[in-house]
Amino acid sequence: MTTSEPSRDTESGDQRVWQRDFPIPAAGEEEITRREFVRYLALGSGGLAVASLGLAAWTSLTDPPAREPKEIAPLADIPVGGERLFRYPTPDDPAILLRPAEDDLRAFSQRCTHLACVVVWEPEEGRLLCPCHHGTFDAGDGRVLAGPPERPLSPIALEVRDGMVWAVGGGGH
Amino acid sequence: MPAGEPSRTATAGRAGAARRTARRTISSIVGVFVLVIVSLQLFLLMVGLDAVTTHADGLAWVAAAASTVLTASAAFLYRYLRRSHRR
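In what follows, the accompanying structure is described.

Rules and cut-offs
Residues numbered from 1 in each chain as written. Chains lettered and ligands numbered in written order. Predicted model: local features only at pLDDT ≥ 70, side-chain atom pairs only at ≥ 80, totals over all residues. Heavy atoms only, no water. Core = buried A, V, L, I, M, F, W, Y, C linked by side-chain atoms within 4.5 Å. Buried < 20%, exposed > 50% of the residue type's maximum accessible area, 1.4 Å probe, protein only. Helix = DSSP H or I, 4+ residues; strand = E, 2+ residues; numbered from the N terminus. Contact = heavy atoms within 4.5 Å. Disulfide = S-S within 2.5 Å. Salt bridge = Lys/Arg side-chain N within 4 Å of Asp/Glu carboxyl O. Phe/Tyr/Trp six-rings, centres within 6.5 Å; stacked < 30°, edge-to-face > 60°. Lys NZ or Arg CZ within 6 Å of the ring centre and 35° of its normal. Buried area = accessible area lost by both parts, 1.4 Å probe. Polar contact = N/O pair within 3.5 Å; in protein donor to acceptor, adjacent residues only side chain to side chain. Nonpolar A, V, L, I, M, F, W, Y, C, P; charged D, E, K, R; others polar.

### Observations regarding the nonpolar core
Item 1. Among the nonpolar cores identified, the biggest contains 19 residues, and Val-38 of chain A together with Val-30, Val-34, Ile-37, Val-38 and Leu-77 of chain B are the most heavily contacted of them.
Item 2. Those elements giving two or more residues to this core turn out to be helix 2 (34–61) of chain A together with helix 1 (5–54) and helix 2 (57–86) of chain B.
Item 3. With eight residues, the single largest contributor to this core is helix 1 of chain B.
Item 4. Once you skip the residues sitting within four places of it in the chain, Val-38 of chain B turns out to touch Leu-41, Ser-45 and Leu-48 of chain A.

Take a look at the structure:
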């Protein structure tokens, strides 16, 4: 062997010379060991714990959306047996106002408590139906009548001020 | 070669093989445990996300605390595995 020739152990790029000469990997050469696998899992576990702590801190540091009173519609514009959709308490929270009788006004968050699809009113049945998974809620108090939801719809407190209907609290998730 | 030497070597070889098999079994069991732990933590992360959307601080902290305990368990199991490999 001359001095200019590379030795058998010299690395050429990313490959050792013997790997270039014999480019057939051994069975399982690329596999990670069980111990390495557990190490990666433990590291992932740490990451998940940090993410959970971060979420908890975020929840504590952020304030829930303010429940400022909000105008919905003039009472005269809401027919008896009719409904009015609005957003409360934030523009991202769909809500539904029901008027089943002349002096009866009710409002609920329109988000189904199962997977947040919007519910629709079925006046003849006296219930609110979620078309996604057929969860049904009582149109009187928002309690669950059937289907997968486990929590009632969030009710919204209403007030009528000078012929105008206002949402004054509740709602959201 | 003194008499008895080959049988001693054979016994040592068998013991070594048994030890390696035991180590592999322990590694697998620990791996499965840690996998279950990580799965539980994924569930707890989903609970945490739900708590964020509903502003349920208490629920979020309970989920985070449980996740931290599970991480400690995973770390303990990994440490145990490293120690058992060194022995």
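Picking up after the structure, the text goes on.
### Focus: the state of the cysteines
Residue and element names in this part refer to chain A.
Item 1. On inspection of all chains with the given rule, the structure shows one disulfide over all chains.
Item 2. One disulfide bridge connects Cys-117 with Cys-132, the sulfur atoms lying 2.0 Å from each other. Sign of the S-S torsion, about -100° for the bond between Cys-117 and Cys-132, identifies this disulfide as left-handed. Of the two residues, Cys-117 sits in the loop between strand 6 (104–109) and strand 7 (120–122) while Cys-132 sits in the loop between strand 8 (127–130) and strand 9 (135–138), which places them 15 residues apart along the sequence.
Item 3. Left without a disulfide partner, Cys-130 is nearest to the cysteine sulfur of Cys-112, which lies 3.7 Å away.

### Remarks on the environment of Val-168 of chain A
Residue and element names in this part refer to chain A.
Item 1. Secondary-structure assignment places Val-168 in strand 12 (residues 164–170).
Item 2. Here Val-168 falls in the partly exposed class, since its relative accessible area comes to 21%.
Item 3. A sequence separation of 12 residues divides Val-168 from Ile-156, and the C-alpha atoms of the two residues are 7.3 Å apart.
Item 4. Leaving out residues up to four positions away in the same chain, Val-168 has contacts with Arg-67, Pro-69, Tyr-88, Ala-157, Leu-158, Glu-159 and Arg-161.

### A few points about the pattern of salt bridges
Residue and element names in this part refer to chain A.
Item 1. If you walk through the whole model with that rule in mind, you get seven salt bridges over all chains.
Item 2. Salt-bridge contacts for Arg-111 lead to Asp-93; the nearest nitrogen and oxygen are separated by 3.2 Å. Taken together, the positions of Arg-111 in the loop between strand 6 and strand 7 and Asp-93 in the loop between strand 4 (82–87) and strand 5 (94–101) put the pair 18 residues apart, joining distant regions of the chain.
Item 3. Taking the relative accessible area as the measure of exposure, Asp-93 reaches 6% and is therefore buried.
Item 4. The network of salt bridges with common partners includes Asp-138, Asp-141 and Arg-143.

### Quick notes on the packing of aromatic side chains
Item 1. All told, the structure shown has zero aromatic pairs over all chains when counted by the stated rule.
Item 2. Sitting over the face of the ring of Trp-166 of chain A, Arg-161 of chain A holds its NZ or CZ atom 4.8 Å from the ring centroid.

### Here's the deal with the interface of chain A and chain B
Interface size is commonly expressed as the accessible surface area that is lost when the partners come together.
Item 1. If you look at the interface, chain A gives 25 residues, while chain B gives 34 residues.
Item 2. On the chain A side of the contact with chain B, Arg-34, Arg-35 and Leu-48 of chain A bury the most area, a combined 23% of that side's loss.
Item 3. Taken together, chain A and chain B are joined by zero salt bridges.
Item 4. Summed over the shared surface of chain A and chain B, the result is four residue pairs in polar contact (both at pLDDT 80 or more).
Item 5. Class assignment of the residues belonging to the side of chain A that touches chain B gives a composition of 14 nonpolar, seven polar and four charged.

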